[in-house]
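Residue strings, one per chain:
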Amino acid sequence: METSIINETLASKDEPPLSGTEQTSASGPATALQNSAPETPSRQHPKWNDWRWQIRNRIRTFQDLTDFFPSLRSHSSIAKVAEKYPMAITPYYASLIKTADYSDPVLQMSVPQGQEMFAPDFLHADPLEEEEDMPVPGLVHRYRDRALLMATTMCSMYCRHCTRKRVAGYEESSISVCQLNEITNYLHAHPEVKDVVISGGDPMTLPTSLLERILMAVRSVPSVEIIRIGTRVPVVLPQRITNELTQMIAKYHPVWVNTHFNHPNEITPEAQAACAKLANAGIPLGNQTVLLRGINDVPQVIEELCRGLVRMRVRPYYLFQCDLVRGVEHFRTPISRGIEIMEYLRGRLSGLAIPAFVVDAPHGGGKIPLLPNYLVSTSPTNTVLRNYEGMMVNYPEPVEPMPRAPATSPALRTSSPGVWDLSAGHASVIVPAGGQRQKRRASRKSHRTLAREDQHPEFSSLLESIMSDTNN
Ligand code: SF4
């Protein structure tokens, strides 16, 4: 059996050993942690700022949850849902719940709901088809120059809206030594990959020495230019952002961190301190928000969130339309709500504070940015634009026509042209493969060919005599 790096590293001298049950589990530390009785999530607890104590005392069962929030006892479906989609809430994140019912945004993002069992056909366990784009286990390679490394299946808190519900928390484990070697070999063999995102689960739940091993392995590939870490730790477990961690990360620069704040209630003094530590270590910070019904689907809430983020030196990067993931239907909003929010933000916030609204397309189509339409009309001489107020302006185009943009060099060309190649005049058509019309056209072509070859001999001789008469 392969060695999970978690087990190997937890026993190493470099990492302060995790206490008691944390070191014993074959499937990662928290499986054992969930067996220990959680302590009351009191901010007065002497170990409140110890991230390991926070992980050890996560709320994992219906019993734990109702001990802390007795008003949830009537929601018996919570236990059933948590069996299918694991629950874990750090005491810190639980302390952000202001009202112990489903009107509270923090509670909604962390406490299971009966609606998670609703599973219409159009929802899938892996709607982005990440597993299809995995050339080696644990590495998603979709876009030419980027790859995503799944470092662990563990998170400190299991978000109810998670896109990776299929893996997050089922068995809390880490990438194995063998997998990391295989991934590193793949990256060496694919120098076109310039940007590696370390994701999970949440990679910052790993011991520092293990995260360092992963960073070191990726950094050993000369063609990798930047490393990104995707984490919700600054939001749900800010105590994890220690000086030891940030100093370690800084050794592997350029490293960027993308975090995941969804609501202004998550912007607390603790989260601010965590982001400040990361920023002070020279780590640029971005944020990915998921648009969630009943949580942040109001323009003013997103505005407040974005203002809070830039105050913490975190650049709002993406506002994601909720993916078509099984178990999250109750969180989905229509796409039009995202467009409305973007319309509201423009003119109220600086461009720096406005995220890009994107749909991560089903079937592995990748991110598709969506905006309100600001282009009213265009001609070779003039373009009519509207601004956020509805004002319409003419933008005169340059008098001298522009030369055509240079074509993509053959070395960088993908196997088929994209829309840019069409608009720049470097390709004339993109034909979707396998369409019914294309199949009909292909079969008509072969019919024509067949008609010439298979025509009746009498018809052929008649045709020949006519042709020879004509020639005479
Ligand atoms: S932290 Fe990320 S991977 Fe983990 S449950 Fe939340 S969204 Fe999913």
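Okay, so let's go over this structure.

**As for the sheet that holds strand S11 (residues 382–386)**
In step 1: Taken together, three strands build an open sheet; the order of strands is S10-S11-S12 and the sheet is antiparallel. The open sheet has two edge strands, strand S10 (375–378) and strand S12 (392–396), and neither has a second partner. On average, adjacent strands in this sheet sit at an angle of 20 degrees to one another, irrespective of strand direction.

**Concerning the nonpolar core**
In step 1: In terms of nonpolar packing, the biggest core is built from 99 residues, with Leu149 and Met204 touching the most fellow members.
In step 2: If one sorts the elements of this core by residue count, helix H9 (residues 208–219) sits on top with six residues.
In step 3: Residue contributions to this core reach at least three from each of two domains, namely domain 1 (18–117) and domain 2 (131–375).
In step 4: With residues near it in sequence (within four places) discarded, methionine 204 still touches Leu211, Ile229, Thr231, Val233, Arg240, Ile241, Leu245, Ile249, Val257 and Leu278.
In step 5: Among the nonpolar cores identified, the runner-up in size contains five residues, and Met134, Val140, Leu148 and Met150 belong to it.

**Brief notes about the pairing of strand S9 (residues 366–369)**
In step 1: Alignment of strand S8 (residues 356–361) against S9, held across four bridges, turns out to be antiparallel. If you follow valine 358 over to S9, its bridge partner there is proline 369.
In step 2: Hairpin remark: S8 followed by S9, antiparallel, with four residues in the connecting loop; positive phi at histidine 363, about 65 degrees.

**Examining a nonpolar patch on the surface**
In step 1: Taken together, the side chains of Val419, Leu422 and Ile430 make up a nonpolar region of the molecular surface, amounting to roughly 250 Å² of accessible area.
In step 2: Judged by its relative accessible area of 38%, isoleucine 430 is partly exposed.

**A word on the packing of helix H13 (residues 299–311) against helix H14 (residues 335–345)**
Helix-helix packing: each pair is described by the crossing angle between the helix axes and the interaxial distance.
In step 1: Look at H13 against H14: their axes get within 9 Å of each other, and the N-to-C directions meet at 55 degrees. Between H13 and H14, the crossing angle belongs to the class labelled oblique. As H13 runs across H14, the sense of the crossing is right-handed. For the pair formed by H13 and H14, the contact residues are Pro299, Gln300, Ile302 and Glu303 on the first element and Ile341, Tyr344 and Leu345 on the second.

**Regarding the packing of H9 against helix H11 (residues 243–250)**
In step 1: Two elements in contact, H9 and H11, have axes whose closest approach is 10 Å; the angle formed by their N-to-C orientations is 10 degrees. Here H9 lies roughly parallel to H11, going by the angle between them. Residue-level contacts link Thr208, Leu211, Glu212 and Leu215 of H9 to Glu244, Leu245, Met248 and Ile249 of H11.
In step 2: Partitioned by chemical class, the residues of the contact of H9 with H11 number five nonpolar, one polar and two charged.

**Digging into the site of the ligand**
In step 1: In the region of the ligand, the neighbouring residues are Cys155, Met157, Tyr158, Cys159, Cys162, Gly201, Arg232 and His260.
In step 2: Broken down by class, the residue content of the shell around the ligand amounts to five nonpolar, two polar and one charged.

Conventions used here
Residues numbered from 1 in each chain as written. Predicted model: local features only at pLDDT ≥ 70, side-chain atom pairs only at ≥ 80, totals over all residues. Heavy atoms only, no water. Pairing = 2+ DSSP bridges. Helix = DSSP H or I, 4+ residues; strand = E, 2+ residues; numbered from the N terminus. Axes fitted to C-alpha atoms, helices over the stretch in contact; angles between N-to-C directions. Core = buried A, V, L, I, M, F, W, Y, C linked by side-chain atoms within 4.5 Å. Buried < 20%, exposed > 50% of the residue type's maximum accessible area, 1.4 Å probe, protein only. Domains from an automatic or database assignment. Contact = heavy atoms within 4.5 Å. Patch = residues over 30% accessible without salt bridge, like charges linked within 9 Å, V, L, I, M, F, W, Y side chains within 5 Å. Areas by Shrake-Rupley, 256 points an atom, 1.4 Å probe, with all protein chains shown as cover. Salt bridge = Lys/Arg side-chain N within 4 Å of Asp/Glu carboxyl O. Parallel < 35°, antiparallel > 145°, perpendicular 65-115°, else oblique. Left-handed = near helix turned anticlockwise from the far one by under 90°. Nonpolar A, V, L, I, M, F, W, Y, C, P; charged D, E, K, R; others polar. Near = heavy atom within 4 Å.

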